[in-house]
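Fold and contact review
For reference, the chains in residue letters:
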Amino acid sequence: MDARTIIESLTGKFPEAISEAGIDSQVRIRAYVDKDNAKEVCQYLKDSFQFDHLCSVCGVDYPQRNELEAVYHIASFEHPVVLMLKARLPRDSPEIESVVQVYWNANWYERETYELFGIFFKNHPNLKALVLPEDMLGEWPLRKDYEGFPNRTARNLV
Amino acid sequence: MEEMLESNEMIIHLGPQHPMQPGPFRLNLKLKGETIMDAEVELGYIHKGIEKILENKTYLQGITIVDRICYLVALTNEECYVGCVEKLLGLEPPERAQYIRVIVEELSRLQSHLLGLGEYGEFIGFVSMFMYTIKEREDILTLIDMVTGARVTHSYLRFGGVRDDLPEGFKEKAIPILNNLKKVISDYEEMFNSDTIYRERTIGIGVLTADAAKSLGVSGPVLRATGVPYDIRKVEPYLVYKDLDFKVCTETAGDCFARVQVRLDEMRESIHIIEQCLDMIPSGPIFPEGTSYGRRTPVMRVPAGEVFHRVEDPRGEMGMYMVSDGSDKPYRVKVKGPYYPTLQALPPLIKGTTVADMVSISGSMDGCTSEADR
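Here we come to the overall build of chain A. Within chain A, the secondary structure is distributed over three helices and seven strands. Walking chain A from its N terminus toward its C terminus, one meets helices and strands in the order α-β-β-α-β-β-β-β-α-β. Dimensions of chain A, computed from C-alpha atoms along their principal axes, come out at roughly 60 × 30 × 25 Å. Within chain A, buried positions represent 41% of all 158 residues. At a minimum sequence separation of 6, the contacts of chain A that also span at least 24 residues come to 51%.

The next thing to look at is the confidence of the model for chain A. Looking at chain A, the pLDDT average stands at 85 and 92% of residues meet or exceed 70. Across chain A, the element-wise mean pLDDT spans from 81 in helix α1 (residues 3-13) of chain A up to 91 in strand β4 (residues 67-75) of chain A.

What follows deals with unusual backbone geometry. The backbone of N66 of chain A sits at a positive phi, close to 55°, despite the residue not being glycine. Examined against the element boundaries, N66 of chain A turns out to sit in the loop between β3 (53-62) and β4. Classification of N66 of chain A by C-beta neighbours within 10 Å gives exposed; the count is 9. Positive phi is not limited to glycine here, since L239 of chain B has a value of about 50°. Its place among the elements puts L239 of chain B in the loop between α10 (232-235) and α11 (256-280). Its 20 C-beta neighbours within 10 Å are what place L239 of chain B among the buried residues.

Residues and elements named next belong to chain B. In this structure, strand β2 (residues 26-32) lies alongside strand β3 (residues 35-42), joined through seven bridges in antiparallel fashion. Of the residues in β3, the one forming a bridge with R26 is E42. Adjacent in sequence and paired antiparallel, β2 and β3 are bridged by two residues, among which G33 carries a positive phi angle near 65°.

Before going further, it helps to spend a moment on the interface of chain A and chain B. As a measure of interface size, the accessible area lost when the parts come together is often cited. Across the contact, 25 residues belong to chain A and 24 residues belong to chain B. Within the residue set of the side of chain A that touches chain B, elements represented by two or more residues are β3, β4, β5 (82-90) and α3 (106-117) of chain A. The leading source of residues in the side of chain A that touches chain B is β3 of chain A, at six residues. Broken down by class, the residue content of the side of chain A that touches chain B amounts to 18 nonpolar, five polar and two charged.

This part takes up the sheet that holds strand β8 (residues 332-336) of chain B. By way of backbone hydrogen bonds, the strands of a sheet pair with one another, either parallel or antiparallel. Residues and elements named next belong to chain B. With antiparallel pairing, three strands are arranged side by side in an open sheet as β6-β7-β8. Both outer strands of the open sheet, β6 (305-313) and β8, are each paired with one neighbouring strand and no more. Shown here is a sheet whose adjacent strand axes are inclined to one another by a mean of 10°, direction ignored. Note: strand β7 (residues 316-324) against β8, five bridges, orientation antiparallel. Bridge assignment links M320 to a residue of β8, and that residue is V335.

Next up on the list: the environment of V152 of chain B. The topology assignment puts V152 of chain B in the loop between α5 (128-148) and β4 (157-158). Remark: the alpha-carbon pair of V152 of chain B and F287 of chain B, spanning 135 residues in sequence, is separated by 24 Å.

Turning our eyes to something else, we now look at the packing of helix α4 (residues 95-123) of chain B against α5 of chain B. All names here are of chain B. Here α4 crosses α5 at 160°, and the two axes come no closer than 9 Å. What the angle tells us is that α4 and α5 run roughly antiparallel. Crossing of α4 against α5: the hand is left-handed. Residues V104, L107, S108, L110, Q111, L114, L115, L117, G118, E119, G121 and E122 of α4 pack against M129, F130, T133, I134, E136, R137, I140, L141, L143, I144, V147 and T148 of α5. Residues that form the contact of α4 with α5 fall into these classes: 14 nonpolar, six polar and four charged.

Attention now moves to the nonpolar core. Judged by nonpolar contacts, the single largest core of 149 residues is most densely connected at I74 and L83 of chain A. Element by element, the count of residues in this core is highest for α4 of chain B, at 13 residues. Leave out the neighbours within four places in its chain, and I74 of chain A touches C42, L45, F51, L54, C55, L83 and L85 of chain A.

So, about the pairing of β4 of chain A. Residue and element names in this part refer to chain A. Counting buried residues in β4 gives eight out of nine residues, a clear majority hidden from the surface. Alignment of β4 against β5, held across eight bridges, turns out to be antiparallel. Opposite L68, over in β5, you have L89 as the bridge partner.

Let's shift gears to the sheet that holds β4 of chain A. All names here are of chain A. Pairing is mixed across the open sheet formed by five strands, whose spatial order is β1-β2-β5-β4-β3. Every other strand in the sheet has two partners, leaving β1 (18-25) and β3 as the edge strands with one partner each. The average angle at which neighbouring strand axes cross in this sheet is 20°, direction not considered. Sitting on the sheet, α1 touches β1 and β2 (28-33), and the angle it makes with β1 is about 180°. Relative to the sheet, helix α2 (residues 38-49) contacts β2, β4 and β5, its axis offset from that of β5 by approximately 170°.

What follows concerns helix α6 (residues 170-194) of chain B. Residues and elements named next belong to chain B. The end-to-end C-alpha distance of α6, which contains 25 residues, comes to 36 Å, matching closely the 36 Å that a straight helix rising 1.5 Å per residue would cover. Among the residues of α6, those classed as buried are A174, L178, L181, I185, Y188 and F192. Contact partners of the buried residues in α6: α4, α5, α7 (196-202) and α11.

With that settled, the discussion passes to the environment of R315 of chain B. Residue and element names in this part refer to chain B. By the secondary structure assignment, R315 is in the loop between β6 and β7. Judged by the 30 C-beta atoms lying within 10 Å of it, R315 is buried. Taking the C-alpha atoms as reference, R315 lies 8.8 Å from S112; in sequence the two are 203 residues apart.

Reading the values: rules and limits
- Residues numbered from 1 in each chain as written.
- Chains lettered and ligands numbered in written order.
- Predicted model: local features only at pLDDT ≥ 70, side-chain atom pairs only at ≥ 80, totals over all residues.
- Helix = DSSP H or I, 4+ residues; strand = E, 2+ residues; numbered from the N terminus.
- Buried ≥ 20, exposed ≤ 12 C-beta atoms within 10 Å, placed from the backbone.
- Contact = placed C-beta atoms within 7 Å.
- pLDDT = per-residue confidence, 0-100.
- Pairing = 2+ DSSP bridges.
- Nonpolar A, V, L, I, M, F, W, Y, C, P; charged D, E, K, R; others polar.
- Axes fitted to C-alpha atoms, helices over the stretch in contact; angles between N-to-C directions.
- Parallel < 35°, antiparallel > 145°, perpendicular 65-115°, else oblique.
- Left-handed = near helix turned anticlockwise from the far one by under 90°.
- Core = buried A, V, L, I, M, F, W, Y, C linked by C-beta atoms within 7 Å.
- Expected span 1.5 Å × (residues − 1).

Have a look at this one:
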């Protein structure tokens, strides 16, 4: 599968939702997706371009822009192209549709992104903490403004 | 899970400490007699916050941190991290350094598979297997120790090269150890194949079809045992893998037996790769000439940008996503380990099997919870 074909057909199919699409190399392409269309785009990628699994889902915090980004790396067992799909979310109410119904293994990745960044995945089958204890929910430790050490870590010890 | 119990059902918590586990995680099983009706994995017992730590360390300091993601495969973790930074810097290690990296990483794959095989034997009651493999693993660790100066957490790779050149007499010492290993791999194969109990406990147990494995998103030996020849070293060659002759080992059965067989075959391929490297390795510098990168890289700033780099870990596809904002510390690093999706696929795989088989299936994944939790 050719990187250029994928990008062209993706922008052709979703002219409104896809923006800033580009090719980094033969095997790496990138695009921004509108947050309301993420699931739809994933379904299209899976059906049309053999993008059959997710490499990862993660969040990145940009406090200056007052934005969080949800980043999906979508890959295939049939061809070496990895697509980086990003969605911009407002920092005060980050919400995006879950893609678990399209990619089964998004389940844990989304749970982790939720507990670390506070990105809420709508219609996720089981959105709860994965690696952190339940009482840390709401601290969003991987956001840049998390106080962390030493203000928060020792609070239960003294 | 608790609310929907019938009168003849019960819940058993396996772990966080249990002999069949490669590290602490909790497995909640809903049982009806011996049959597993439902399963759920709880993580977090060894969460180290490595992604957050990396954001607060300089790039060079980060090398020691990624070692700790999983000590068994520290060198592949380093390769992934260093590869990300090199891509951002536009730096390519000289050929000799690339060959040295391939040698140590394949040695690392050998010792990881050896430990995995031994542990698997132990999980299913074949305890003496562990004593055989741990002896050979020690020889491999001695070789790695000779090059890197450490047995498990090496901090050996550097941006654009490796910390030290191969020591004198490395090839002479490595050849007999590898020849011996070739012999014992055949012995292990014979031992596994002739053991009735082992065959009963692995053949036809935990069968994963190719389509199921793909949709679960697993990689590495677990995927290759279903017949999918997917290996990052071939799909997206890094270092000098494209110049080396090796094949991707696959099996078709997709059961526990096939997974172990894939690992045995892969060890033979790894030995083959190391032998080629020892013959083909050119002389020359181990850092790119005309740059300031070396053993003591000064405080370096990495150009702003983002990159996703993948390498083939002994357990599958390892990836890192790195965002740089132009400062001396990474802005964000996402570590995507290979065992994370494999562990996620465990509950659907063990549903409907018995508790005893669950141990066999979970063990054949050859996991590392430390890497799943990070």
